[in-house]
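# Coordinates in review
What follows is the residue order along each chain.
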Amino acid sequence: MDKLTVSPSPHLHSKASTTSIMRDVVIALSPTILVSILFYGWSEILVLAVSSVSCVLLEWLIAKYLMKRPELFSGWSALVTGLLLAMNLPSSTPWWIVVVGAIVAIGIAKMSFGGLGQNIFNPAITARVFLLISFPVQMTNWSVPDGFIGGVDAVSGATPLGIIKEGLKAGQSISEVLSANGMDARMLLRDIGGSGGEISALALVAGFIYLLVRKVVKPWIPISIIATIAVISAIFSGIDPEHFTGPNFNIMTGGVLLGALFMATDYVTSPMSNWGGVIFGVGIGLIVMMIRYFGSYPEGMSFAILIMNCFVPLINRAFHQKKYGRA
Amino acid sequence: MSKLGLITKGLLKENPTFVLVLGMCPTLATTTSAMNGLEMGLATMFVLILSNIVISLISPVVPDKVHIPVYIVVIATFVTVLQLLMQAFVPQVYETLGLFIPLIVVNCIVLGRAEAFASKNSVGDSALDGIGIGIGFTLTLMVIGIVREILGSGSVFGWKFIAGDGILAFVMAPGAFLVLGYLMVLFNKLAKR
Amino acid sequence: MAAVSNLKNMVLSLTLVCLVCSAVLGGVFAVTSAPIKAAEVAKTNASIARVLPAFDSEPVRESISVDGTDYAYYRVPGAGYAVISTVSGFGGPLSLMVGIQEDGMICNTVVLSHSETPGLGAKCQTDASFIDQFKGWDPASKRLAVTKDGGDVDAITASTITSRAYSAAIANAYSVYLIIAGNE
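Source: prediction; values computed, not measured.

Let's shift gears to the overall build of chain A. Helices and strands together make up the secondary structure of chain A, namely 15 helices and two strands. A total of 327 residues make up chain A; the buried ones form 53% of that total. In chain A, of all internal contacts separated by at least 6 residues, the share reaching a separation of at least 24 is 74%. Per element, the accessible surface of chain A, about 15,100 Å² overall, is 68% carbon and sulfur.

If you tally the helices and strands in chain B, you get eight helices and two strands. Scaling as 2.2 N^0.38, a compact globule of 193 residues should have a C-alpha radius of gyration of about 16 Å, and chain B matches this with 17 Å. In chain B, buried positions account for 52% of the 193 residues. Of all intrachain contacts in chain B linking residues separated by at least 6 positions in sequence, the fraction that spans at least 24 positions is 71%. Carbon together with sulfur atoms contributes 75% to the accessible area of chain B, which is approximately 8,300 Å² in total. Averaging the positions of the 11 positive and the 9 negative side-chain charges in chain B gives two centres separated by 11 Å.

Take the interface of chain A and chain B next. Taken residue by residue, the interface counts nine residues in chain A and nine residues in chain B. When chain A packs against chain B, the two sides together hide about 680 Å² of surface, and 77% of this comes from carbon and sulfur. At the junction of chain A with chain B, the criterion picks out zero salt bridges. The interface formed by chain A and chain B holds three residue pairs in polar contact (both at pLDDT 80 or more) in total. Only helix H4 (95-110) and helix H5 (123-134) of chain A provide two or more residues apiece to the side of chain A that touches chain B. Within the side of chain A that touches chain B, the residues separate by chemical class into six nonpolar, three polar and no charged.

Positioned with a positive phi, Lys215 of chain A is a non-glycine residue whose angle comes to about 60 degrees. Relative to the helices and strands, Lys215 of chain A resides in the loop between helix H10 (201-213) and helix H11 (220-239). A residue is classified by how much of its surface remains accessible, and Lys215 of chain A, at 73% relative accessible area, is exposed. Within the chain, Phe157 of chain B stands out as a residue other than glycine whose phi angle is a positive 50 degrees. By secondary structure assignment, the location of Phe157 of chain B is in the loop between strand S1 (155-156) and strand S2 (159-160). Looking at Phe157 of chain B, the relative accessible area reads 40%, which means it is partly exposed.

Counting along an α-helix, one turn takes 3.6 residues, and residues three or four places apart therefore face a common direction. Residue and element names in this part refer to chain B. Every buried residue belonging to helix H6 (residues 108-116) is among Ile109, Val110, Arg113 and Ala114, and all of these are buried. For H6, the buried positions fall inside an angular range of 130 degrees around the axis, keeping them on one side. Where the residues of H6 are buried, they touch helix H3 (34-58), helix H4 (67-89) and helix H7 (123-153).

Let us look at the sheet that holds strand S4 (residues 93-101) of chain C. All names here are of chain C. Pairing is antiparallel in the open sheet, where five strands are placed in the order S1-S2-S3-S4-S5. Edge strands, defined here as strands with exactly one partner in the open sheet, are strand S1 (60-66) and strand S5 (106-113). Each neighbouring strand pair of the sheet contributes to a mean axis angle of 25 degrees, computed without reference to strand direction. As defined by bridge partners, S4 adjoins S5 across six bridges and the pair is classed as antiparallel. Residue pairing for S5: Val98 is matched across the bridge by Thr109. Where helix H1 (residues 7-51) meets the sheet, it contacts strand S2 (69-76), strand S3 (80-88), S4 and S5, and its direction lies at approximately 145 degrees from that of S5.

Turning to the pairing of S3 of chain C, a few remarks are in order. Residues and elements named next belong to chain C. Where burial is concerned, most of S3 is hidden: seven out of the nine residues are buried. Bridge analysis of S2 against S3 gives four bridges, and the strand direction is antiparallel. Across the sheet, Arg75 pairs through a bridge with Tyr81, a residue of S3. Where S3 and S4 come together, nine bridges link them in antiparallel fashion. Each bridged residue has a counterpart across the sheet, and for Ser88 the counterpart in S4 is Pro93.

A word on a positive patch on the surface. There is a patch of like positive charges on the surface, built from Lys68 of chain A together with Lys189, Lys192 and Arg193 of chain B. Following the sequence through the fold, Lys68 of chain A ends up in the loop between helix H2 (42-66) and helix H3 (76-87). Since its relative accessible area comes to 64%, Lys68 of chain A is described here as exposed.

Take the confidence of the model for chain B next. Residues and elements named next belong to chain B. Averaged over all residues, the pLDDT of chain B equals 89, while 99% of them reach at least 70. Within chain B, helix H1 (residues 3-8) has the poorest average pLDDT of any element, 82, and H3 the best, 93. Both scores are given for the predicted complex: the pTM is 0.83, the ipTM 0.83.

Residue and element names in this part refer to chain A. Scanning the model with the defined rule gives 18 aromatic pairs over all chains in all. Geometrically, the ring pair formed by Tyr293 and Phe294 is edge-to-face, given 6.1 Å between the ring centres and 75 degrees between the ring planes. Overall, Tyr293 belongs to the buried group, its relative accessible area being 12%. Of the aromatic side chains, those joined through ring pairs into one cluster are Phe236, Phe244, Tyr293 and Phe294.

Residue and element names in this part refer to chain A. Across all of its chains, the model carries five cavities of 30 Å³ or more by this definition. Lining the largest cavity are 21 residues, with Met22, Val80, Leu84, Asp266 and Tyr267 sitting closest to its centre. Mapped by element, the contributors of at least two residues to the lining of the largest cavity are helix H1 (15-40), H3 and H5. The element contributing the most residues to the lining of the largest cavity is H3, with four residues. Grouping the constituent residues of the lining of the largest cavity by class yields 14 nonpolar, five polar and two charged. Each pocket or cavity is described by its volume, and for the second largest cavity that value is around 90 Å³. Considering the residues around the second largest cavity, the lining is formed by Leu161, Ile164, Lys165, Leu168, His243, Phe244, Thr245, Phe249, Asn250, Arg292, Tyr293 and Pro298. Those elements that place two or more of their residues in the lining of the second largest cavity are helix H7 (160-169), helix H12 (247-252) and helix H14 (274-294). With four residues, H7 is the largest single contributor of residues to the lining of the second largest cavity. A breakdown of the residues in the lining of the second largest cavity according to their chemical character gives seven nonpolar, three polar and two charged.

What counts and what doesn't
Residues numbered from 1 in each chain as written. Chains lettered and ligands numbered in written order. Predicted model: local features only at pLDDT ≥ 70, side-chain atom pairs only at ≥ 80, totals over all residues. Heavy atoms only, no water. Helix = DSSP H or I, 4+ residues; strand = E, 2+ residues; numbered from the N terminus. Buried < 20%, exposed > 50% of the residue type's maximum accessible area, 1.4 Å probe, protein only. Contact = heavy atoms within 4.5 Å. Areas by Shrake-Rupley, 256 points an atom, 1.4 Å probe, with all protein chains shown as cover. Rg over C-alpha atoms; globule rule 2.2 N^0.38 Å. Lys, Arg positive; Asp, Glu negative; His and termini not counted. Charge placed at Lys NZ, Arg CZ, Asp CG, Glu CD. Buried area = accessible area lost by both parts, 1.4 Å probe. Salt bridge = Lys/Arg side-chain N within 4 Å of Asp/Glu carboxyl O. Polar contact = N/O pair within 3.5 Å; in protein donor to acceptor, adjacent residues only side chain to side chain. Nonpolar A, V, L, I, M, F, W, Y, C, P; charged D, E, K, R; others polar. Arc of directions from axis to C-beta. Pairing = 2+ DSSP bridges. Axes fitted to C-alpha atoms, helices over the stretch in contact; angles between N-to-C directions. Patch = residues over 30% accessible without salt bridge, like charges linked within 9 Å, V, L, I, M, F, W, Y side chains within 5 Å. pLDDT = per-residue confidence, 0-100. Phe/Tyr/Trp six-rings, centres within 6.5 Å; stacked < 30°, edge-to-face > 60°. 1 Å grid on protein atoms, 1.4 Å probe; cavity = no way out; pocket = protein on both sides within 12 Å on 5 of 7 lines; lining within 4 Å. Points joined across faces, edges and corners; volume = space filled by probe spheres on them.

Put into structure tokens, the structure is as follows:
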């Protein structure tokens, strides 16, 4: 064996360490899950349950019967994929679409590559993008928050990003879009409809801080993503505020926080070194803003993460981790 | 090799799509439905058989240094003939396959068979080789088309068995790659037995 | 097996092959050019027949320039006009043929080409409840705009931009019709 083999993370020292990391991720996700259940009610619980059960069950079935290597079943990691997938879906998603998503996440994005640690693309994001292009109507009709703390009837609506995009495409300016839809800039940030995981920035940040304290993740990837988005949108909205949305709006809406804090930081599909992580994050920020400003989709976080996932092996080659025993 | 073997090798041992992995561009782009896959396969087979026959006839007298240009001119001629015939007699089919008919000229299968087989073998064997590879290509494209149509549109050869849309990703580019990949795995696993 | 190359036989063989191939192509073209033309005419007539009431006259292709844009249309004596109108949709150009009867009512519309998203905007070609609402539409009394913009067109679910483009294409065709009809 080559003594200087650099293997991509996660470095599996023992089964216990991966398990404890994944358990920490589940704990970190719990405030977000709680908030999404409070906001979206029973439908969100159904999505969560279907997603986690089918992800765990599928991984076990594939490892045991299809690949005949039961040791590949990763347990907690499959549960994390299931929870993240649920957080990425609208609460109104029919159960069978959630199952299709689980098949894509576990079957195609994870197990086809050889299971945990081998996959190039983030399984939950892959499933989200697959579902987005496969079931565009169901995946873009987000429910307006309605759950245990709202009490109004469920209404379907577009996300703030979608509303702005549609208005801009029709040649309106941002202030015209806002007045046409009867809202002001502050309401746009408050009444956000979206997937379960996109609803509460506070819960996401709280969970992420827990991960930081437990030293499970490093902050460089999220910081560079959010800083890039802030800088780009500040420049564009500074030049032409009527056609480009500003930093606050771009950071707080859509999947940016969920993506930056929990999806882009996935161990397997992000670069190992700190500087590699910064390059990765800046790339994601750039692509998101290009899609949001110039693309035809209103949101680009999932696409951005997937595109940068492809570059991770390359980034890892360019930024070797510091080797031990060197000055 | 026996005459029958020349035909059957295109199905399994030298399957152009799953084993030789040639002609990926039309394979990925035109297999959105079973019918499209079948039509594209037949169109390619037409060019393949005729160019194989002509090239095996002329290859002994073609100078070595210009053999590729000569082969390409022959192939391009048959593709253009096919294009004109399709425009005239099956305009609907021509419209669905569109750009991919002229692209048969650069399909690696056609030039590949001309180089690797027709230029070294007799006219009869070359024709059989064209038929065999052509059938293999057609069947493979049709199978990919059937799978993509079932998953993507919920129908087989245009006969719908569910209301509404299927999993739309399968009629788009990503579905083409996924179906091709998994079918290739399945094919090679079964072929190994 | 292949002959040894020298300048003479290379030039000779290439010339010969090209000559033979050109002759073959010329022959095939001569045979197929009439059926190709017939197939094209049949295709256009089929589109016209879908958007206009039954006719027995020969459609005449004409074109007109309105506000700097050229519109092609078919005048079908006894039935009306089939106007081709192209607008920018969600994913690219959206081209419609709009059949307008001689009394100014819209008879039917058909999509000639589009590049809308499958499952969303692409439904403008298949969604019967969307397409059929334009049959017998009277532009003089009903506004050709989606309900969101204060018009009378029911948009395709989650595809407001495509529905807007579709409505605009019909409205353009109608304004072209008004000019054609006004000129006569």
